[in-house]
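What follows is the residue order along each chain.
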Amino acid sequence: MSISEKIKELHTTLPNHVTLVAVSKTKPISDLQEAYDAGQRVFGENKIQEMAEKWAQLPKDISWHMIGHVQRNKVKYMAEFVDLIHGVDSFKLLKEINKQAKKYNRIIRCLLQIKIAEEDSKFGMDASDAAYLLASAEFTQLENIQIVGVMGMATFTDNTAQVQNEFKHLKATFDDLHTKNPSLEIISMGMSGDYNLAIEEGSTMVRIGSSIFGARNYTSSN
Ligand SMILES: *Cc1c(COP(=O)(O)O)cnc(C)c1O
């Protein structure tokens, strides 16, 4: 299936309450343009510099999502345009995003990344850290960021029951945080291999790369 056929298929099959983030990391501008022409407006990248280069070249009505781990010293390169940062896992990072957003007089939307996988390599906070952060006085003083939900990555495994449990854990964490923070609305979970399961478990935002754009060729540091 071509990129545009895949985009159109996803637009017709995904439930209306689920946002599709087309994960275009490592892919050339021409691939993103094809997805754009098929109606896709939300793109996810995991390298700030690569996202900034693509932003400069593509139509300005694209919503850019940073889905990768964010280094604080690079926030300044995306503060002008990023629409949603998925991987926020510390107050220090949030403070830096707030500071950079202020320079552009913007409010940048963020998701708290919750650690749901067993693997040590996956970033994220635990549920109690997230609750503590949202209740803290320091947090309420940040006027140029808005926390709109949570994000999680399941363990990379064929064990469907385990992945399902990890998704359930993220949904339960969201529900718990939501009681005190009713403005939270997004649960970002699910990728090419597991997005149907994620949607069954309550996902409202799926991040799909390879099943749209094909397998990625990893060269240097991607
Ligand atoms: C690369 C990536 C995806 C997309 O993965 P696919 O398996 O290609 O769909 C989703 N989320 C994050 C955080 C990623 O880094």
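You'll find the structure just up there.
What you see is a predicted model, and the numbers here were worked out from it, not measured in a lab. (Residues numbered from 1 in each chain as written. Predicted model: local features only at pLDDT ≥ 70, side-chain atom pairs only at ≥ 80, totals over all residues. Heavy atoms only, no water.)

**Q** Explanation requested: the site of the ligand in the structure shown.
**A** All residues in the neighbourhood of the ligand are listed as Val23, Lys25, Ile67, Met151, Met153, Met191, Ser192, Arg207, Ile208, Gly209, Ser210 and Arg216. Interatomic distance of 2.7 Å between a backbone N/O atom of Ser210 and an oxygen atom of the ligand. Contact with the protein chains hides 90% of the accessible area of the ligand, taken as 390 Å² for the molecule alone. A per-class count over the shell around the ligand returns 6 nonpolar, 3 polar and 3 charged. (Near = heavy atom within 4 Å. Polar contact = N/O pair within 3.5 Å; in protein donor to acceptor, adjacent residues only side chain to side chain. Areas by Shrake-Rupley, 256 points an atom, 1.4 Å probe, with all protein chains shown as cover. Nonpolar A, V, L, I, M, F, W, Y, C, P; charged D, E, K, R; others polar.)

**Q** It is not clear to me how the side chain of Ser136 should be interpreted in this structure. Could you clarify?
**A** With respect to the helices and strands, the residue Ser136 is situated in the loop between helix H5 (127-135) and helix H6 (137-140). A distance of 2.8 Å separates a polar atom in the side chain of Ser136 from the backbone oxygen of Leu133. (Helix = DSSP H or I, 4+ residues; strand = E, 2+ residues; numbered from the N terminus.)

**Q** Before we go on, may I ask you to explain the pairing of strand S1 (residues 19-23) in this structure?
**A** As a general feature of sheets, a regular strand has side chains that alternate between the two faces. By the criterion of burial, S1 is predominantly enclosed, with 4 of the 5 residues buried. For S1 and strand S8 (residues 205-208), the ladder comprises 4 bridges, and the chain directions are parallel. If you follow Val21 over to S8, its bridge partner there is Arg207. Direction of pairing for S1 relative to strand S2 (residues 42-45): parallel, over a ladder of 2 bridges. Bridging across to S2, Ala22 finds its partner in Phe43. Chirality of the crossover, the property in question, places the unit of S1, helix H2 (residues 29-37) and S2 among those that are right-handed. (Buried < 20%, exposed > 50% of the residue type's maximum accessible area, 1.4 Å probe, protein only. Pairing = 2+ DSSP bridges. Right-handed = clockwise from strand over helix to strand, strands pointing away.)

**Q** I would appreciate a short explanation of the packing of aromatic side chains in the present structure.
**A** Here a ring pair, both rings aromatic, is described through the centre-centre distance and the interplanar angle of the planes. Within this structure, the stated rule accounts for 2 aromatic pairs. Ring geometry for Phe43 and Trp64: centres 5.9 Å apart, planes at 35 degrees, overall tilted. Taken as a pair, Phe43 in strand S2 and Trp64 in strand S3 (residues 63-66) lie far apart in primary sequence, 21 residues in all. Overall, Trp64 belongs to the buried group, its relative accessible area being 1%. If you follow Arg41 out to its NZ or CZ, it ends over the ring of Tyr36, 3.5 Å from the centre. Lys60 extends its terminal NZ or CZ atom over the ring of Trp55, reaching a point 5.3 Å from the ring centre. (Phe/Tyr/Trp six-rings, centres within 6.5 Å; stacked < 30°, edge-to-face > 60°. Lys NZ or Arg CZ within 6 Å of the ring centre and 35° of its normal.)

**Q** Would you mind going over the pattern of salt bridges with me for this structure?
**A** When the charged atoms of two side chains lie near each other, side chains of opposite charge can form a pair. Taken as a whole, this structure holds 7 salt bridges when the rule is applied. For Glu50, the salt bridge goes to Lys54, with nearest N and O atoms at 2.7 Å. Linking Glu50 with Lys54, this pair stays in helix H3 (residues 48-57), spanning 4 residues, or about one helical turn. As far as the burial class goes, Glu50 and Lys54 line up, both buried. One salt bridge connects Arg109 with Asp83, and the closest N-O pair in it is separated by 3.3 Å. Taken together, the residues span a long stretch of sequence, with Arg109 in strand S5 (residues 108-113) and Asp83 in the loop between S3 and strand S4 (84-88) at a distance of 26 residues. (Salt bridge = Lys/Arg side-chain N within 4 Å of Asp/Glu carboxyl O.)

**Q** Looking at this structure, how should I read the environment of Lys6?
**A** Looking at the element boundaries, Lys6 is found in helix H1 (residues 3-13). C-alpha separation for the pair Lys6 and Lys92, spaced 86 residues apart in sequence, amounts to 39 Å. Apart from the residues lying within four places of it in its own chain, the contact partners of Lys6 are Met1, Ser211 and Ile212. Side-chain polar atoms of Lys6 contact the side chain of Glu9, separated by 3.1 Å. (Contact = heavy atoms within 4.5 Å.)

Limitation: the analysis is restricted to geometry and does not speak to function.
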